[in-house]
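Chain residues, written in single-letter form:
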Amino acid sequence: MMSKKSIGIFDSGYGGLTVFESIAKLLPDYNYIYFGDNARAPYGDHSFETIYQYTLECVEWLFAQGCPLVILACNTASAKALRTIQQKVLPVKYPGYRVLGVIRPTAEVIGSYTKTNSIGVMGTRGTVKSESYLIEIHHQYPELNVIQQSCPMWVPLIENNEHVNEGADYFVKKYIDNLLEKSGDIDAILLACTHYPLLVPKMKDYLPEGVSLVSQGDIVADSLVDYLNRHPEIEGELTKEGEMSFYTTGDNLVFDHNASIFFPGEVVSSQVRLNCGSSKK
Ligand code: DGL
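Residues numbered from 1 in each chain as written. Predicted model: local features only at pLDDT ≥ 70, side-chain atom pairs only at ≥ 80, totals over all residues. Heavy atoms only, no water.

### Thoughts on the site of the ligand
No. 1: Inspection of the region around the ligand gives 13 residues, with Ser-12, Tyr-43, Thr-76, Thr-194 and His-195 positioned closest.
No. 2: At 2.6 Å, a side-chain N or O of Ser-12 approaches an oxygen atom of the ligand.
No. 3: Here a nitrogen atom of the ligand and a side-chain polar atom of Thr-194 are 2.7 Å apart.
No. 4: When the ligand sits alone it has 300 Å² of accessible area, and the protein chains cover 99% of it.
No. 5: Of the residues contributing to the shell around the ligand, the split by class is five nonpolar, seven polar and one charged. (Near = heavy atom within 4 Å. Polar contact = N/O pair within 3.5 Å; in protein donor to acceptor, adjacent residues only side chain to side chain. Areas by Shrake-Rupley, 256 points an atom, 1.4 Å probe, with all protein chains shown as cover. Nonpolar A, V, L, I, M, F, W, Y, C, P; charged D, E, K, R; others polar.)

### Some words on the environment of Asn-258
No. 1: Considering the arrangement of structural elements, one finds Asn-258 in helix 13 (residues 252–259).
No. 2: Put simply, Asn-258 and Tyr-14 are 244 residues apart on the chain and 7.7 Å apart in space, counted from C-alpha to C-alpha.
No. 3: Not counting the four nearest positions on each side in its chain, Asn-258 is found in contact with Tyr-14 and Asn-161. (Helix = DSSP H or I, 4+ residues; strand = E, 2+ residues; numbered from the N terminus. Contact = heavy atoms within 4.5 Å.)

These values are about where atoms sit, not about what they do.
Structure, rendered in structure tokens:
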């Protein structure tokens with residue numbers, strides 16, 4: 001019997017579900033495996049080596065489940081691990097497998113969201129420090145003014161399901177104010193962390209009029225459609241039975257509860273223990 005081939009979607013935790021939701025809406029026929037490394041999230045403050053090692057382990061796990069194509073639905077992993085995986089690991093160990101990130105597709109279209117030519121980029125410390133967005137956006141739009149702001153408290157709030165509570169307001173306002181103090185011209189803010197769309201309702205309370213928020217889900221989904229059209233050799237390998245499976249290194253019941261916001265009634269996840277010890281935090 002031919003084994004099933006799924007599209008793998010990876011994030012450090014829940015954030016990638018904001019991207020997976022858009023992908024599943026646009027491309028409902030494929031089979032998908034979502035893998036959240038919740039036990040080791042957040043990734044944002046870890047060293048390059050740690051983020052690379054964690055990401056590679058998760059990608060290899062998805063390959064082993066029969067995913068010839070993996071999307072890093074995580075900006076931090078895309079900034080810190082994608083290039084090394086694509087250039088050093090795949091050609092040697094996994095020829096024929098593909099790993100895609102979220103930064104380039106976002107940078108390619110971000111210029112169309114601003115009229116003032118000033119974009120705010122909010123992300124984890126790892127993403128901001130990597131300067132990946134500065135480099136990629138300036139490559140596409142040299143004239144754009146890009147102002148970055150790291151938001152280290154946002155992912156922990158979301159991973160702990162505290163983002164809907166009052167305590168979150170302090171940190172939501174603080175990072176928005178910090179960003180907007182750096183430039184009065186910003187008219188669009190890119191949520192350069194796949195967790196952040198969960199904070200949009202609160203963010204709207206603190207944004208001045210005329211400043212819009214850009215989430216990545218639909219951008220990444222559109223770029224996946226384009227990728228599959230351009231790569232029939234990968235597209236043709238994929239099973240089209242519309243199945244979704246969910247895995248986490250964390251507590252699967254907590255995962256099911258939190259993930260059901262995106263896929264009501266459809267999430268029954270399984271817990272994965274990775275070799276290097278998924279209990280490390
Ligand atoms: N969703 C991840 C991102 O897009 C969060 C990273 C983290 O775990 O800190 O960067």
